Amino acid sequence: MQRRAQREERDQRAKRLNRLLVCAAAVPVMLVAAGCSSDSGSGDSTDKAEKAAASASPSPTVQAAAYGKLPEPCKAVSKKTLKDLAPKSKSGKEGKSDDISTRGSCSWNSLDNNGVKGSQFRWLNVSMLRFESDVTRGPADKLAREYFDKQVQEAQAVEGAKSVKTEPVAGTGDQATAVRYELKKKEGTFKQQTIVARVENVVVTLDYNGAGLAGDKTPSSDDMLKDAEKAAKEAVAAVSEANGKGDGKAGGVPSEAASKSPSKSSSDSPSKSPSKGASDKPSKGASASPTKKPASQS
């Protein structure tokens, strides 16, 4: 009987021990499960908070371009002015453009042939490039100012140019600079006038050159510059009028960023390191020879 009682007591102790072991093993599992559940909830909350913050952040913005279109390039200069600058030209030749609201150009050739007394040659080209505001590149007027500077630099650094002079042009858009020089060719000495003007987000580049051929006298550079400035003012005014601004005379109201003097790149001598050209740059099309045709815009 005593042995039976001892055996029963051992069995009872073994059962109690087993229950304790089972409970001890169950506790970590519960803790792990609770921990996983807690982490999962925290991650979901963080993701939702991040998404909410992202949706609440404002998108990058940039000031819209002031001008949204360009005038017809062959009508940017009046008939009266064309008669003075290119008297023998019958009509202008419009350059090719993949987007006429962004870029355009027109050129006029004039040859006044006086036979044995010689001839007078004139060539006029007007190019216009409009910039759009871009979040990554900046506002349109800033891009136009940068392109303006590059155009002036390129005009100053033409190969073979002699007696290069650079000066500001008043009353022509927000900023304007004239670059003039002589270029000697076998046909004669050509007087080149290049006027680069900016009005808001549009840059107008006007090239005007002339020469006395077959022994005729060389034209006056001062007279040609006055004519070129007149044509440039009309082209700038045409840009403003095409966008419903300006009175067709002033060529637009200067902005706060308007330059009162030539650009920093302007000088009385050619730039030693001309710009390699902007990606938005249209074909310049300037010709200093009566036999060379202006390049069309791409």
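Preceding block: the structure.
All figures in this text were calculated on a predicted structure; none of them were measured in a lab.

Summarise the environment of Lys-83; cite the residues concerned and give the values.
Here Lys-83 lies in helix H2 (residues 79–85). By relative accessible area, which is 61% here, Lys-83 ends up exposed. Separated by 27 residues in sequence, Lys-83 and Ser-110 place their C-alpha atoms 9.8 Å apart.

So what's going on with the pairing of strand S3 (residues 119–130)? Residues and values would help.
Counting buried positions along S3 gives 12 out of 12 residues, so the element sits mostly inside the fold. Neither face of S3 is exposed, since Ser-119, Phe-121, Trp-123, Asn-125, Ser-127 and Leu-129 on one face and Gln-120, Arg-122, Leu-124, Val-126, Met-128 and Arg-130 on the opposite face are all buried. The hairpin turn running from strand S2 (residues 103–113) into S3, its antiparallel successor, is 5 residues long, and Gly-115 in that turn takes a positive phi close to 65 degrees. The sheet contact formed by S3 and strand S7 (residues 202–213) spans 12 bridges and is antiparallel. The residue bridging Phe-121 from the neighbouring strand is Ala-211, located in S7.

Describe the side chain of Gln-192, and please don't skip the residues or the numbers.
Locating Gln-192 in the fold gives a position in strand S6 (residues 188–199). Accessibility expressed as a relative area gives 3% for Gln-192, which makes it buried. A distance of 3.0 Å separates the side chain of Gln-192 from the side chain of Thr-194, its partner in a polar contact. A polar atom in the side chain of Gln-192 sits 3.1 Å from the side chain of Asn-209.

So, the environment of Pro-60: which residues are in play, and what are the values?
Relative to the assigned elements, Pro-60 resides in the loop between helix H1 (2–56) and H2. Among the residues examined, Pro-60 registers a relative accessible area of 63% and is labelled exposed. Considered as a pair, Pro-60 and Val-135 are 75 residues apart in the sequence and their alpha carbons are 6.8 Å apart.

Would you mind going over the sheet that holds S6 in detail, with residue names and values included?
The strand order S1-S2-S3-S7-S6-S5-S4 describes an open sheet built from 7 strands, whose pairing is antiparallel. In this open sheet, the two strands that pair with only one neighbour each are strand S1 (93–94) and strand S4 (162–168). Lying on the sheet, helix H4 (residues 221–242) is in contact with S3, S4, strand S5 (175–185), S6 and S7; it crosses S6 at an angle near 30 degrees.

I'd like a description of the packing of aromatic side chains, backed by residues and values.
Tallied over the entire structure, the rule returns 2 aromatic pairs. Summarising the aromatic geometry, the rings of Phe-121 and Phe-190 are spaced 6.1 Å apart at their centres and angled 75 degrees between planes, so their arrangement reads as edge-to-face. On the criterion of sequence distance, the pair formed by Phe-121 in strand S3 and Phe-190 in strand S6 is long-range, its members being 69 residues apart. Here the aromatic rings of Phe-131 and Tyr-147 are separated by 5.5 Å at their centres, their planes lie at 55 degrees, and the arrangement is tilted. In this pair, Phe-131 is assigned in the loop between S3 and helix H3 (140–156) and Tyr-147 in helix H3, connecting sequence segments 16 residues apart.

Can you explain the state of the cysteines? Please cite residues and give values.
This structure, assessed with the given rule, holds 1 disulfide. At a sulfur-sulfur separation of 2.0 Å, the disulfide partner of Cys-74 is Cys-106. Residues Cys-74 and Cys-106 are joined through a disulfide that is right-handed, its torsion about the S-S bond being 95 degrees. Taken as a pair, Cys-74 in the loop between H1 and H2 and Cys-106 in strand S2 lie far apart in primary sequence, 32 residues in all. On the basis of relative accessible area, Cys-106 is assigned to the buried category, the value being 0%.

So, the nonpolar core: which residues are in play, and what are the values?
Grouped together as the largest cluster of nonpolar side chains are 31 residues, with contacts concentrated most on Val-126, Val-204 and Leu-206. Looking at this core, the elements that each hand over two or more residues are H2, S2, S3, S5, S6, S7 and H4. With 9 residues, H4 is the single largest residue contributor to this core. When neighbours within four sequence positions are excluded, Val-126 is seen to be in contact with Val-77, Gly-104, Ser-105, Cys-106, Trp-108, Val-204, Thr-205, Leu-206 and Ala-235. Formed by 16 residues, the second largest nonpolar core is a distinct cluster that contains Leu-143, Tyr-147, Ala-161 and Val-179.

I'd like to hear about the pattern of salt bridges, residue by residue, with values.
Under the criterion given, the structure shown has 9 salt bridges. Linking Asp-84 and Lys-230 is a salt bridge whose minimum nitrogen-to-oxygen distance equals 4.0 Å. With Asp-84 in helix H2 and Lys-230 in helix H4, this residue pair connects regions lying 146 residues apart in the sequence. For the salt bridge of Arg-145 with Asp-141, the shortest nitrogen-to-oxygen distance reads 3.4 Å. Taken as a pair, Arg-145 and Asp-141 lie in helix H3 at a separation of 4 residues, close to a single helical turn. Judged by its relative accessible area of 25%, Arg-145 falls in the partly exposed class. Accessibility expressed as a relative area gives 24% for Asp-141, which makes it partly exposed.

The rules behind each value
Residues numbered from 1 in each chain as written. Predicted model: local features only at pLDDT ≥ 70, side-chain atom pairs only at ≥ 80, totals over all residues. Heavy atoms only, no water. Helix = DSSP H or I, 4+ residues; strand = E, 2+ residues; numbered from the N terminus. Buried < 20%, exposed > 50% of the residue type's maximum accessible area, 1.4 Å probe, protein only. Pairing = 2+ DSSP bridges. Polar contact = N/O pair within 3.5 Å; in protein donor to acceptor, adjacent residues only side chain to side chain. Contact = heavy atoms within 4.5 Å. Axes fitted to C-alpha atoms, helices over the stretch in contact; angles between N-to-C directions. Phe/Tyr/Trp six-rings, centres within 6.5 Å; stacked < 30°, edge-to-face > 60°. Disulfide = S-S within 2.5 Å. Core = buried A, V, L, I, M, F, W, Y, C linked by side-chain atoms within 4.5 Å. Salt bridge = Lys/Arg side-chain N within 4 Å of Asp/Glu carboxyl O.

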